[in-house]
Amino acid sequence: MPVEPFASLPPYRIKVVEPIPFLDAGQRREAFAAAGYNPFDLRADQITVDLLSDSGTGATSSAQEAGAARGDESYAGARSWFRFRDEVRDLTGFDHVLPVHQGRAAERIVFSTLLGPGRICLSNTHFDTTHANVVLAGAQARDLPCPQALDLDSQEPFKGDIDLAALEQTLTGPDGDRVGLVLMTITNNGLGAQPVSMANLSAVAELCRRHKVPFWLDAARFAENAWLVREREPGYGDWTPRRIATHAFQLADGCMISLKKDGLAPVGGVIALRDPQVYAACEANLIATEGFSTYGGLAGHDLERIAQGLREVVDAGYLGSRAAATERLARLINEAGVDTVQPAGIHALYLNAGRLLTHLEPARFPGHALASELYLRGGIRCAELGSLYLGELDGRHRLVRPAPFELVRLAIPRRVYTDAHLDHVAATLAEIAKEPGRVPGYRIVSAPRLLRHFKVRLEPVAPRAARRGRAAAAR
Ligand code: F0G
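None of the values given here were measured: they were computed from a predicted structure.

### Considering the nonpolar core
Among the nonpolar cores identified, the biggest contains 59 residues, and Phe84, Leu167, Leu201, Phe215, Leu217, Phe222 and Phe249 are the most heavily contacted of them. Here this core gathers at least three residues from each of two domains, domain 1 (25-54 + 316-474) and domain 2 (62-312). Excluding residues within four positions of it along the chain, leucine 167 makes contact with Leu122, Leu144, Ile162, Val182, Val204 and Leu207. The next biggest cluster of nonpolar side chains, apart from the first, holds 47 residues, and it includes Ala344, Leu376, Val439 and Tyr442.

Following this line, the structure appears as structure tokens:
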């Protein structure tokens, strides 16, 4: 007898496992101090639950590994390439497909083709590498998030949408002629993993057509966006996630996809598009910088894993259970007294550290303080999205302009952790939330000028109360 699918039950079981390290509190303190209190400088063998990124960190399936064994490593025209190309064509509806080694390579190639000095790229929110690649192409990146996105507590279903009025105003305004590209990030990783509605994408497509501006998707999490459209947007409840995803792609002129997320693969990316001339320009750049057009910096076995991953990722059972796991974690965290950006997305939860650690001013980096505490108390690695990453510092590393929010991102790798691991995360946060005033702030010891958060070194600053207590004891 067929078994009914259970909405939140993962449609797989575990076949291959990898041990995870358990350090004691003293070892974690030592490891973190040696890393300059920077989570990016920890070693993987010092981490129990790693929520630093959902990128390239997922588990592959037995079918993907079987495909990988079949990988054809011919320099040109490999069988694996044709399987990859056909999957991407079928999913996106775009004829022209170029493989790249990861998302940011696609960004570099597309922006150097469509943008240039003086041009403007408009987006709901550029991801950080996307922003950097727009700037490296000599152009300007402008974010136009919808106003609801800035209310972290609002339950609006599509806080990833672009502000359509601001988009139209820019396209018709004095800078209109300089807009070289409109890029919609689905889901909006820079702003709380919030999805973009089909209504918003359709309106963007219409505006871009009217103003003859190319409209592209940064579709790293296209399947998760499709799932949230199905759950939240009227009219899509009986569509398959795959049909919704294809429909979204077809509203645009092209897309860049980091396949390290919804490609369910450790590495990979793709450019897919309609216009043969833009394709030819991108292809020339690809061959010169990434690899021949039938492998683009990937091995045949990578192409095979991705071709299979693109089928598995749009499975409703998989997406439903993944969304349920993140939602459950959000509920546990919220019940423990820690606020998260609402409503919960799928690939990550964003903790409102500013609201929890009210005793720490932005200059003491409350987001970083909470992320550090999660490591020190629970062996959990994650990173802040707050003033350490986005704030403005002076020459002596002092904060002069804080970020709008002090957030911490808990990114959830795909098919990797069980509810028991996520329970541990919620329990650690609950412990911290009992006495948030004990969490120390941080000061920067040294920092590079560019991409600060990756290489910064910090040190803890004891909370004022503790300092007063120690001073009294010394007297
Ligand atoms: N676009 C978005 C929306 C992303 O989230 C990322 C990567 C990229 C592009 C770049 O892709 O890493 O394959 O070069 N995001 C990762 C993260 C790093 O942790 O969110 P890539």
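### Looking at the domain arrangement of the protein
As far as domains go, the protein holds domain 1 (25-54 + 316-474) and domain 2 (62-312). Measuring from the centre of the C-alpha atoms in domain 1 to the corresponding centre in domain 2 gives 29 Å. Contact residues are listed per partner, giving 26 residues for domain 1 and 27 residues for domain 2. Buried area between domain 1 and domain 2, summed over both chains or domains, comes out near 2300 Å², and the portion from carbon and sulfur atoms is 55%.

### Digging into the site of the ligand
If you check the shell around the ligand, you find 16 residues, and the closest are Ser53, Arg104, Ser258, Lys261 and Arg409. The side chain of serine 53 places a nitrogen or oxygen atom 2.7 Å from an oxygen atom of the ligand. Here an oxygen atom of the ligand and a side-chain polar atom of serine 258 are 2.7 Å apart. Calculation on the ligand without its partners gives an accessible area of 470 Å², and the protein chains cover 94% of this total. Sort the elements by how many residues they give to the shell around the ligand and helix α4 (residues 103-114) lands first, with three residues. The residue inventory of the shell around the ligand, partitioned by class, reads one nonpolar, eight polar and seven charged.

### Let's talk about helix α12 (residues 316-335)
Over its 20 residues, α12 runs 28 Å from end to end, which matches the ideal 28 Å to within 8%, given 1.5 Å per residue. Here α12 has its buried residues at Tyr318, Leu319, Gly320, Ser321, Arg322, Ala323, Thr326, Leu329, Ala330 and Ile333. Check the buried side of α12 and you find it contacts α8 (222-232), α9 (241-251), α11 (300-312), β9 (348-352), β14 (407-411) and α16 (419-434). Structurally, the start of α12 carries an N-cap: the backbone nitrogen of glycine 317 is 3.3 Å from a side-chain oxygen of aspartate 315. The positive-phi residue at the C-terminal boundary of α12 is glycine 337, with phi of around 95°.

### A closer look at the sheet that holds β14
Backbone hydrogen bonds are what pair the strands of a sheet, in a parallel or an antiparallel way. The strand order β9-β14-β11 describes an open sheet built from three strands, whose pairing is antiparallel. Lying at the two open borders of the sheet, with one neighbouring strand each, are β9 and β11 (383-385). On average, adjacent strands in this sheet sit at an angle of 35° to one another, irrespective of strand direction. Direction of pairing for β11 relative to β14: antiparallel, over a ladder of three bridges. Residue pairing across strands places alanine 383 opposite arginine 409, the latter belonging to β14. Packing of helix α14 (residues 366-378) onto the sheet brings it into contact with β9, β11 and β14, and relative to β14 it is tilted by some 40°.

### Notes on the packing of helix α3 (residues 79-92) against α11
Closest axis-to-axis distance for the α3/α11 pair is 8 Å, and the angle between their directions is 30°. One finds that α3 runs roughly parallel with respect to α11. In this structure, α3 crosses over α11, and the sense of that crossing is left-handed. Facing α3, whose interface residues are Ser80, Trp81, Arg83, Phe84, Glu87, Val88 and Leu91, α11 presents Gly300, Leu303, Glu304, Ile306, Ala307, Leu310 and Arg311.

### Digging into the pattern of salt bridges
Going through the model one piece at a time under the given rule, you end up with 33 salt bridges. With a shortest N-O distance of 2.6 Å, arginine 443 and glutamate 459 are connected by a salt bridge. Placement of the pair is arginine 443 in strand β15 (residues 441-446) and glutamate 459 in strand β16 (residues 457-461), with a sequence separation of 16 residues. Here the residues in one salt-bridge network are Asp54, Arg221, Glu224, Asp262, Arg322 and Arg414, joined through shared partners.

### Section: the environment of tyrosine 12
By the element assignment, tyrosine 12 lies in the segment before α1 (25-34). A relative accessible area of 38% places tyrosine 12 in the partly exposed class. Separated by 168 residues in the primary sequence, tyrosine 12 and glycine 180 have C-alpha atoms spaced 44 Å apart. Apart from the residues lying within four places of it in its own chain, the contact partners of tyrosine 12 are Tyr318 and Arg415.

### A few points about unusual backbone geometry
Excluding glycine, a negative phi dihedral is what most residues carry, and trans is how most peptide bonds are arranged. The amide bond that connects isoleucine 186 to the next residue, threonine 187, takes the cis arrangement and shows omega of -15°. With respect to the element layout, threonine 187 can be found in the loop between β5 (179-185) and α7 (198-211). Proline 343 follows glutamine 342 through a cis peptide bond whose omega is -20°. You can see proline 343 is positioned in the loop between α12 and β9. In this structure, lysine 212 takes a positive phi of about 55° despite not being glycine. If you check the backbone angles, arginine 415 has positive phi at about 65° while not being a glycine. Secondary-structure assignment places arginine 415 in the loop between β14 and α16. With relative accessibility at 17%, the residue arginine 415 sits in the buried group.

### Some remarks on the sheet that holds β5
If you walk across this open sheet you meet the seven strands as β2-β8-β7-β6-β5-β3-β4, and the pairing is mixed. Each end of this open sheet is capped by a strand with a single partner; those strands are β2 (96-100) and β4 (140-143). Each strand axis lies, on average, 20° off the axis of its neighbour in the sheet, ignoring direction. In terms of strand pairing, strand β3 (residues 120-123) meets β5 through four bridges, oriented parallel. Across the sheet, residue serine 123 finds its bridge partner in β5, namely leucine 183. Set on the sheet, α3 makes contact with β2, β7 (254-258) and β8 (269-273); between it and β2 the angle comes to about 120°.

Rules and cut-offs
Every chain's residues receive numbers from 1 upward, in the order its sequence appears when written. Residues qualify for local features only when their pLDDT is at least 70, as the model is predicted, and side-chain atom pairs are given and counted only at 80 or more; totals for whole chains, interfaces and linings, by contrast, use all residues. For side-chain calculations, the full set of non-hydrogen atoms in the structure is used, while hydrogens and water are omitted. The criterion is simple. A nonpolar core is a set of buried Ala, Val, Leu, Ile, Met, Phe, Trp, Tyr and Cys residues joined through side-chain atoms within 4.5 Å. Each residue's exposure class comes from its accessible area (1.4 Å probe, protein chains only) as a fraction of the maximum for that residue type: buried when under 20%, exposed when over 50%, partly exposed otherwise. Source of the domain bounds: an automatic or database domain assignment. Contacts are assigned to residue pairs that have any heavy atoms within 4.5 Å of one another. Computed with a 1.4 Å rolling probe, the buried area is the accessible surface lost when two parts are put together, summed over both parts. Near, as used in this document, describes a residue that has one of its heavy atoms within 4 Å of the molecule or strand being considered. N or O atoms within 3.5 Å of each other form a polar contact, as long as, within protein, one can give a hydrogen and the other can take it, and as long as residues adjacent in sequence are counted only when both atoms are side-chain atoms. Values of accessible area rely on a 1.4 Å probe in the Shrake-Rupley scheme; residue burial ignores everything except the protein chains shown. Secondary structure elements are defined from DSSP: runs of H or I of at least 4 residues count as helices, runs of E of at least 2 residues count as strands, and each element is numbered from the N terminus. Each residue gets one of three labels, nonpolar for Ala, Val, Leu, Ile, Met, Phe, Trp, Tyr, Cys and Pro, charged for Asp, Glu, Lys and Arg, and polar for the others, Gly among them. Each helix should span, by expectation, one fewer than its residue count multiplied by 1.5 Å. We treat two strands as partners when DSSP finds at least two bridges between them. Angles here are taken between N-to-C directions and fall from 0 to 180 degrees, while the axes themselves are lines fitted to C-alpha atoms, restricted in helices to the stretch in contact. Any angle that falls under 35 degrees is termed roughly parallel, while one over 145 is termed roughly antiparallel, one within 65 to 115 roughly perpendicular, and all others oblique. Helix crossings get a hand from a simple test, with the near helix turned counterclockwise from the far one by less than a right angle marking a left-handed crossing and a clockwise turn marking a right-handed one. What counts as a salt bridge is simple: a side-chain nitrogen of Lys or Arg found within 4 Å of a carboxyl oxygen of Asp or Glu.

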